[in-house]
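Okay, here's what each chain looks like letter by letter:
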There are 2 protein chains.
Amino acid sequence: MYARPLARLIEELQKLPGVGPKTAQRLALHLLKRPDAEVQALAQALVDAKSQMGYCSICFHLSSEPVCDICKSTSRDLQTLCIVADSRDVIALEKTREYRGKYHVLGGLISPMEGIGPEQLNIGPLVHRVNQDNIQEAIIAISPSIEGDTTTLYVGQLLKPFTKVTRIAFGLPMGGDLEYADEVTLARALEGRRSLD
Amino acid sequence: MYARPLARLIEELQKLPGVGPKTAQRLALHLLKRPDAEVQALAQALVDAKSQMGYCSICFHLSSEPVCDICKSTSRDLQTLCIVADSRDVIALEKTREYRGKYHVLGGLISPMEGIGPEQLNIGPLVHRVNQDNIQEAIIAISPSIEGDTTTLYVGQLLKPFTKVTRIAFGLPMGGDLEYADEVTLARALEGRRSLD
């Protein structure tokens, strides 16, 4: 149906998440109409990002240098540590501009179903860090799910001897309508109620 | 927020149609987790497709060779020509497996709003071809729209002296519910009614 180079491009594009055959074809035909320089720039950006990006040796956040900008910063609260599953969670939290402490990226969640145990995550370095750096509070910011709750429980137990451990709140989202909230969210919101004082 | 190589990749991905900042970030982070070889393959496919794909010198369909497979084929009906706006229309028609003639890709539609006149489309070579190749029927397969209708009218007038000119049918789509069809589609369906014989 398609000439070989076009077919190969469509095939490679289809490996992207959320890209099916129709979208891949649309993207490929779009790219063929763009200037040479634009396609070259995308190809180069792919190769560069893949070869130059790695993980921060302290917090395991995505970084192009051995130590990331957040870990390097001296203006942040050094005694608060936020524990997240993935680098994209760091990005989401940074966007709030509410958190000024440091991060630790686990690199996933404990999931016996997918064969991911604690030893595959960056948990050893976390315990070492909490111990070493005199962390006053470890905030676990992990989504509520079976894997998330398991990981939170596991990490919490390990850190409790060394520091105060908290978990972010779950409840009704802002702008959320109580009537349309699912039962689990509503149950969590009730459970997490606070006095109005 | 992001390290430079990652930021550049996100920026380049955002230039793709239908890809916003969130999707671009998701794609970029996904790619960073994939094996080196997979990312290299995508980058290479981009460069190869862009450098190796061109247009068939006869029908202007996308092709990696000077003459495309459809034009080269000797088993197809040489006296029927289907005129379409874009290469993706050729692909859509080929998927039906109903059409066995040849194609001619105009490369767009006449659109005074966007400053596209007949001289920017592959209309000259089309007239020459119809004349030269003893075409018995030219089927115009162009979507119904202001630009599509204008182009159809224009091309039709040019070709009528040399061959029979037809246009594909418009009406209720298969599985379409008459009650929910828009008025324009319904009007076209009525207008295009055929005797039941």
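Definitions and limits used
Residues numbered from 1 in each chain as written. Chains lettered and ligands numbered in written order. Predicted model: local features only at pLDDT ≥ 70, side-chain atom pairs only at ≥ 80, totals over all residues. Heavy atoms only, no water. Axes fitted to C-alpha atoms, helices over the stretch in contact; angles between N-to-C directions. Helix = DSSP H or I, 4+ residues; strand = E, 2+ residues; numbered from the N terminus. Parallel < 35°, antiparallel > 145°, perpendicular 65-115°, else oblique. Left-handed = near helix turned anticlockwise from the far one by under 90°. Contact = heavy atoms within 4.5 Å. Nonpolar A, V, L, I, M, F, W, Y, C, P; charged D, E, K, R; others polar. Domains from an automatic or database assignment. Least-squares fit on C-alpha atoms with pLDDT ≥ 70 in both. Pairing = 2+ DSSP bridges. Buried area = accessible area lost by both parts, 1.4 Å probe. Salt bridge = Lys/Arg side-chain N within 4 Å of Asp/Glu carboxyl O. Polar contact = N/O pair within 3.5 Å; in protein donor to acceptor, adjacent residues only side chain to side chain.

Asker: Would you mind going over the packing of helix α3 (residues 36-52) of chain A against helix α2 (residues 21-33) of chain B with me for this structure?
Answerer: Helices that pack against each other are described as a pair by the angle of their axes relative to one another and the distance between those axes. Where α3(A) contacts α2(B), the two axes come as close as 9 Å, and the packing angle between them is 55°. Relative to α2(B), the element α3(A) lies oblique. Judged by the sense of rotation from one axis to the other, the crossing of α3(A) with α2(B) is right-handed. In this structure, α3(A) uses A:Leu46, A:Ala49 and A:Lys50 to contact α2(B), whose residues at the interface are B:Leu31, B:Leu32 and B:Lys33. Residue composition of the contact of α3(A) with α2(B), by class: four nonpolar, no polar and two charged.

Asker: Is there a simple way to think about the domain arrangement of chain A in this case?
Answerer: Here chain A is partitioned into domain 1 (4-52) and domain 2 (72-174 + 184-188). Between domain 1 of chain A and domain 2 of chain A, the C-alpha centre-to-centre distance is 35 Å.

Asker: Is there a simple way to think about the relation of the copies chain B and chain A in this case?
Answerer: Taken together, a rotation about one axis and a shift along it account for how the two chain copies relate. Once chain B is rotated about the relating axis by 180° and shifted along it by 0.0 Å, it coincides with chain A to within an RMSD of 0.1 Å. A rotation of that kind, with that shift, is consistent with a two-fold axis. Nearest to the rotation axis, the C-alpha of B:Ala43 is located 2.2 Å from it, this being the minimum over chain B. Comparing interface residues between copies, 100% of those in chain B also lie at the interface in chain A; the contact surface is shared.

Asker: Help me understand the sheet that holds strand β4 (residues 102-105) of chain A, please; the structure alone is not making it clear to me.
Answerer: In any sheet, the strands associate via hydrogen bonds between backbone groups, in a parallel or an antiparallel arrangement. Residue and element names in this part refer to chain A. With parallel pairing, four strands are arranged side by side in an open sheet as β4-β3-β5-β6. The open sheet has two edge strands with one neighbour each: β4 and β6 (164-167). When the angles between neighbouring strand axes are averaged without regard to direction, this sheet yields 25°. Examined bridge by bridge, strand β3 (residues 80-84) and β4 share four bridges and lie parallel to one another. Looking at β4, one finds that Ile83 is bridged to His104. The strands touched by helix α7 (residues 146-159) within the sheet are β3, β5 (137-140) and β6, with β6 carrying the most contacts at an inclination of about 165°.

Asker: Would you mind showing me how to read the interface of chain B and chain A here?
Answerer: By convention, interface size is frequently given as the accessible area that disappears when the constituent parts associate. Tallying the contact residues gives 45 residues for chain B and 45 residues for chain A. Across the chain B to chain A interface the summed buried area is about 4700 Å²; carbon plus sulfur atoms make up 70%. When the area that chain B buries against chain A is broken down by residue, the three leading residues are B:Leu32, B:Leu46 and B:Lys50, summing to 14%. One can count four salt bridges joining chain B with chain A. For the salt bridge of A:Arg8 with B:Asp48, the shortest nitrogen-to-oxygen distance reads 3.8 Å. Run the count over chain B and chain A and you get six residue pairs in polar contact (both at pLDDT 80 or more). For the side of chain B that touches chain A, the secondary structure elements donating two or more residues are α1 (4-13), α2, α3 (36-52) and α5 (87-96) of chain B. For the side of chain B that touches chain A, the element with the highest residue contribution is α3(B), accounting for 15 residues. For the side of chain B that touches chain A, the residue count by class is 25 nonpolar, six polar and 14 charged.

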